[in-house]
Amino acid sequence: MNCPRCKSELATEKVIDFNASFEVDSCTSCGGIWFDKDELTQIDKVIEPTFLEIRKIPGKKTQKETLSCPSCDSFQVLEKIEHPRDKKVIIDYCPSCKGIWLDKGELEAIREENWLITIGKIFKWLIGKE
Ligand SMILES: [Zn+2]
Ligand SMILES: [Zn+2]
């Protein structure tokens, strides 16, 4: 898979927690992260990850750029939702495969409320939309 933002190859990163172990695809170039729906089935059991460094959120203009889904074909455009608590964070998601893209810094911005639980809530909302 290639990064929807900068087109670099995404690298698989293993996240190991006391209760769960799963993989995410991260971009070593721009720092974004792709979450497959299936990668986070254990989401409710995960507590607090420590593998990501603190970074700044990209500007609004960058966040508003249209991105294609790295998992589906390039015609599948990612849709955008604002994070319910932090409106500066715009999360891209795929309406087709239900994957989620976070730009660098976005994870940090939502970290305070346990970001994996937040992502889990978004997945549930996405699945509930079907
Ligand atoms: Zn990238
Ligand atoms: Zn997709």
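Structure: see above.
A brief structural summary. (Residues numbered from 1 in each chain as written. Chains lettered and ligands numbered in written order. Predicted model: local features only at pLDDT ≥ 70, side-chain atom pairs only at ≥ 80, totals over all residues. Heavy atoms only, no water.)

### Structural notes on the overall build of the protein chain
Going by this rule: Going along the chain from the N terminus, every DSSP run of H or I of four or more residues is numbered as a helix, and every run of E of two or more is numbered as a strand. The classification of residues rests on relative accessible area computed with a 1.4 Å probe and restricted to protein chains. Under 20% of the type maximum is buried, over 50% is exposed, and intermediate values are partly exposed. Only heavy atoms matter for contacts: two residues are in contact if any of them lie within 4.5 Å across the pair. In this description, accessible areas are obtained by the Shrake-Rupley approach with a 1.4 Å probe, and a residue is regarded as covered only by the protein chains that are shown.
In terms of regular secondary structure, the protein chain is built from three helices and six strands. For the protein chain, the proportion of its 130 residues judged to be buried stands at 45%. Summarising the internal contacts of the protein chain: among those between residues at least 6 apart in sequence, 56% fall at separations of at least 24. Of the roughly 7,100 Å² of accessible surface on the protein chain, a fraction of 51% belongs to carbon and sulfur atoms.

### Concerning the coordination of the zinc ion (ligand 2)
Our working definition: Here the term donor refers to an N, O or S atom within 2.8 Å of the metal (or 3.2 Å for Na, K and Ca), and because water is left out of the atoms, sites may appear incomplete. In this scheme the shape depends on donor count and angles: four donors with every angle between 85 and 135 degrees give tetrahedral, four or six donors with opposite pairs above 155 degrees and others between 65 and 115 give square planar or octahedral in turn, and any other case is irregular.
Within the protein, the atoms that donate to the zinc ion (ligand 2) are Cys69 (SG), Cys72 (SG), Cys94 (SG) and Cys97 (SG), at distances of 2.2 to 2.4 Å. Geometry at the zinc ion (ligand 2) is tetrahedral, judged from the four donor atoms that bind it and their angles of 103 to 115° at the metal.

### Looking at the coordination of the zinc ion (ligand 1)
Donor atoms from the polypeptide that coordinate the zinc ion (ligand 1) comprise Cys3 (SG), Cys6 (SG), Cys27 (SG) and Cys30 (SG), at 2.2 to 2.4 Å from the metal. Coordination at the zinc ion (ligand 1) is tetrahedral: its four donor atoms span angles of 102 to 121° at the metal. Coordination of the zinc ion (ligand 1) draws on donor residues from a single chain, spaced C-x2-C-x20-C-x2-C in sequence. Remark: Cys27 occurs in strand E2 (residues 21-27) and Cys3 occurs in the segment before strand E1 (10-16); sequence separation between them is 24 residues. Of the two residues examined, Cys3 and Cys27, each falls in the buried class.

Note that every value here comes from positions in space, so none of it alone points to a role or purpose.
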